[in-house]
Amino acid sequence: MLNVAEEKAPISVDADQLLSRTFTFKVEPQNSVISEDFVFHQNGFLIGYSHANETYWELDGNVVNILDADGRVTCQLSPLSGAGEAIRLGGYFRNPMLGYEETANFHVLEENASDSHTRIQSFDLFDTLVARRCYDPLEVFRIVERKAAVPGFADWRHKTEMSIFGRRPYGIDDIYLIMVSEGFITQKQAAVLRWMELEEEWEHLFPIGDVVARVGANDIVISDMYLPRPFIERVLREKCGLENRLYLSNYGKHHRQIWPEILSNHNVRTHFGDNIQADIISPASFGIDVALVSISKWDQTEQVLHAIGLGAYAHAVREARLRSFHPSLAIRHAKRAQASINIPLMLLASFWLKACAQERGVDKILMAARDCNLWQEMLASRHFARANMPPSEYIRISRAVCYTESVEYEAYLQNKLGLRNLLVDFVGTGKSLGTIIDRMERRATVTPCILLGEPRSAEIVETLPETFLLRDFTTYRVFFEALNASLEGSTVLTVPDNYRLAVLLQENEFSDVVKTMIGEMRSTFQHFMRDLDRIDPPRNPPSLDILRQAGGAIVELLPAWSGKLSVLEAEQKSNVAQGNAFRAAYATH
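Helices and strands together make up the secondary structure of the protein, namely 22 helices and 22 strands. Its C-alpha atoms give the protein principal-axis dimensions of roughly 80 × 80 × 45 Å. Sequence-distant contacts, at least 24 apart, represent 67% of the contacts inside the protein between residues at least 6 apart. Counting only carbon and sulfur atoms, one obtains 49% of the accessible surface of the protein, whose full area is about 25,700 Å². Here the protein contributes 61 positive and 76 negative side-chain charges, whose respective centroids are spaced 5 Å apart.

Below, the discussion takes up the pairing of strand 22 (residues 500–506). Both faces of the sheet carry side chains from a regular strand, because those side chains alternate between them. Bridge count for strand 21 (residues 490–497) against strand 22 is seven bridges, and the pairing is antiparallel. The residue of strand 22 that forms the bridge with Ser-490 is Gln-506. Hairpin connection between strand 21 and strand 22: a loop of two residues separates the two successive antiparallel strands, and Asn-498 in this loop has a positive phi of roughly 55°.

On to the side chain of Glu-200, then. With respect to the helices and strands, Glu-200 occurs in helix 5 (residues 187–204). Assessed through its relative accessible area of 11%, Glu-200 is described here as buried. If near-sequence neighbours (up to four positions away) are discounted, Glu-200 is found in contact with Val-140, Ile-143, Val-144 and Lys-147.

Take helix 11 (residues 311–323) next. Its 13 residues give helix 11 an end-to-end C-alpha distance of 19 Å, which sits within 8% of 18 Å, the value for a rise of 1.5 Å per residue. By the criterion of burial, helix 11 is predominantly enclosed, with eleven of the 13 residues buried. What helix 11 keeps buried is the set Gly-311, Tyr-313, Ala-314, His-315, Ala-316, Val-317, Arg-318, Glu-319, Ala-320, Arg-321 and Leu-322.

Among the structural elements, Thr-445 can be located in the loop between helix 17 (431–439) and strand 19 (446–453). Note: C-alpha distance between Thr-445 and Leu-505 (60 residues apart in sequence) is 28 Å. Those residues in contact with Thr-445, other than ones at most four positions away along the chain, are Leu-419, Arg-420 and Asn-421. Within polar-contact distance, the side chain of Thr-445 engages the side chain of Arg-442 at 3.0 Å.

The next thing to look at is the packing of helix 2 (residues 138–148) against helix 5. Axes are the key here: two packed helices are described by the angle between their axes and the distance separating the axes. Remark: helix 2 packs on helix 5, axes separated minimally by 9 Å, with the N-to-C direction vectors making an angle of 125°. By the criterion of interaxial angle, the relationship of helix 2 to helix 5 is oblique. In this structure, helix 2 crosses over helix 5, and the sense of that crossing is right-handed. From helix 2, Val-140, Phe-141, Ile-143, Val-144, Lys-147 and Ala-148 reach across to helix 5, where they touch Leu-193, Met-196, Glu-197, Glu-200, Glu-201 and His-204. Looking at side-chain class alone, the contact of helix 2 with helix 5 contains seven nonpolar, one polar and four charged residues.

Once that is clear, we can look at the pattern of salt bridges. Per the counting criterion, the structure on display carries 39 salt bridges. The closest approach of N and O atoms between Arg-132 and Glu-201, which form a salt bridge, is 2.5 Å. Here Arg-132, found in strand 10 (residues 130–132), pairs with Glu-201, found in helix 5; they are 69 residues apart in sequence, far enough to count as distant. Of the two residues, Arg-132 and Glu-201, both sit in the buried class. Among the ionic pairs, Arg-229 bridges to Glu-233, the shortest N-O distance being 3.3 Å.

What follows concerns the confidence of the model for the protein. Of all residues in the protein, 95% attain a pLDDT of 70 or more, and the chain-wide mean is 92. Contacts of residues 577–589 to residues separated by more than four positions or lying in other chains number 29 contacts, the stretch itself having pLDDT below 50.

A sheet is described by the order of its strands in space; here five strands give the open sequence 13-12-9-14-15, paired in parallel fashion. Each edge of the sheet is formed by a strand with only one pairing partner; in this case those strands are strand 13 (245–249) and strand 15 (289–292). Geometrically, the sheet is characterised by an average inter-axis angle of 20° between neighbouring strands, direction not taken into account. As defined by bridge partners, strand 9 (residues 120–123) adjoins strand 14 (residues 268–273) across four bridges and the pair is classed as parallel. Looking at strand 14, one finds that Ile-120 is bridged to Val-268. Sheet strands in contact with helix 7 (residues 229–239) are strand 12 (220–224) and strand 13, and its direction is about 140° off that of strand 13.

With that settled, the discussion passes to helix 3 (residues 153–164). In this model, helix 3 (twelve residues) spans 17 Å end to end at C-alpha, consistent with the 16 Å of a helix rising 1.5 Å per residue. Taken as a whole, helix 3 has its buried residues at Phe-153, Ala-154, Arg-157, Thr-160, Glu-161 and Ile-164. End-on, the buried residues of helix 3 take up no more than an arc of 135°, which puts them together on one face. Turning to helix 3, the residues buried within the fold contact helix 2, helix 4 (172–181) and helix 5. Among the residues trailing helix 3, Gly-166 stands out with phi positive, at a value near 80°.

Thresholds, definitions, all that
Residues numbered from 1 in each chain as written. Predicted model: local features only at pLDDT ≥ 70, side-chain atom pairs only at ≥ 80, totals over all residues. Heavy atoms only, no water. Helix = DSSP H or I, 4+ residues; strand = E, 2+ residues; numbered from the N terminus. Contact = heavy atoms within 4.5 Å. Areas by Shrake-Rupley, 256 points an atom, 1.4 Å probe, with all protein chains shown as cover. Lys, Arg positive; Asp, Glu negative; His and termini not counted. Charge placed at Lys NZ, Arg CZ, Asp CG, Glu CD. Pairing = 2+ DSSP bridges. Buried < 20%, exposed > 50% of the residue type's maximum accessible area, 1.4 Å probe, protein only. Expected span 1.5 Å × (residues − 1). Polar contact = N/O pair within 3.5 Å; in protein donor to acceptor, adjacent residues only side chain to side chain. Axes fitted to C-alpha atoms, helices over the stretch in contact; angles between N-to-C directions. Parallel < 35°, antiparallel > 145°, perpendicular 65-115°, else oblique. Left-handed = near helix turned anticlockwise from the far one by under 90°. Nonpolar A, V, L, I, M, F, W, Y, C, P; charged D, E, K, R; others polar. Salt bridge = Lys/Arg side-chain N within 4 Å of Asp/Glu carboxyl O. pLDDT = per-residue confidence, 0-100. Arc of directions from axis to C-beta.

Set out below in structure tokens:
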């Protein structure tokens, strides 16, 4: 039995050493073996052993951090002394159920003689490594039909394929030959439509970042697909960045015909795929571990958007979510929260702002720094211009300048105004906005608006702002401040500068890790914005009641993300004055 008090060894381990070995995972002092197949995999994944408390890993200097599903450290493993050259690591378990307190359980990883780390993985391709922007593969045929102006093409194309599916091997050329032989289209039409289908298919495909990141150099890809091999190989290379070996057939997985060949050439650990029959039941019948990939399905936020008639936006949100990946788990979670929580909420609130503007005859929307830095880009997009959104502008503003008498700042702000205005912030009580509006004596022409307001605002603000949703700071709003963080500084002063006005900024206060996180969240947002401009705005947007109900449903998903966003949350809270969260946030806000 291991002496848990033994000293850490003055040696180090690197990623290559961890990736090239299999370990026994046990707990002392019980001497309980949990797994003899504990394998470190690239990009921070653990394989061969699965538990919510031990899901990912990262190297931190000479320490190996084991992370739970939320990305929080449950054990810090350091090299231990011992006989021979085998790697031994140990550290005390931090129990998530006890607030990550260190326990008496000492986790040990010992290198063993197994070659399990050399076993490969196999992956399905469509809806596993790549997804379609249109979600439904039959939509590709409908798009071709609309573009080619060939009525009935989509139904005939699908019916033709189904007539031979499961009966014989076939490819895309066989489908079009049958359509010609049945007199539905001419040979020339078949040639044109075939190329149109391939082009449309290509344009709709994009990589699923989380799954692509799991593919190792020696892993293989197995696809039951009718598209030409050169096309599929280009999808792997150019969409996924992979050069892995491809096994392609019509029914190899579905009919269980391909697995004997696969197992004769490869020692397969796990097969990943989305189809229950082809990717789960079929390989499992040959003793292969399986992993069902369901990430490409609609998530809860996307279902909310569909339910209120905003399906086109759900497709764009889904693509932003699926594309996002980063080797750092904390950054990965932040990118996904941006896609699944923050972007959809800004979308809904944009329609709310448009309604507020129409009701008041507004000709200018002013978006407050820094929380509105992303939202302003959405409002100013070509998409919302087509939706007749009034012009918007990003303005330098902060609590400091709202509460400080300054003719220079008032001149700066009033110079931005239109005839009738909305002054918008993402979170807050509206007190600081109301203060500067009153000092400028512009209540009649400037309406303060808050996306996520404080339920107790009436205790603080004499004239309440227009508010999309009400939620408390600690549970909700601090996270939205973090998800909308900007690398630019905070506005502190406006001063004359050679007969111009200069707005002075205080340097931002984020760590290098969070600065990277903010940049990556913006990258996810920009992916979404590229898709947004392809969407036609709805002629009849949902009512304000429906928008608020949908927004509330999305906001209520946020508490489940709190553990995953703990790094962002911690830094955001450190920027708030010490003491009671409500008093700190609202004493001057």
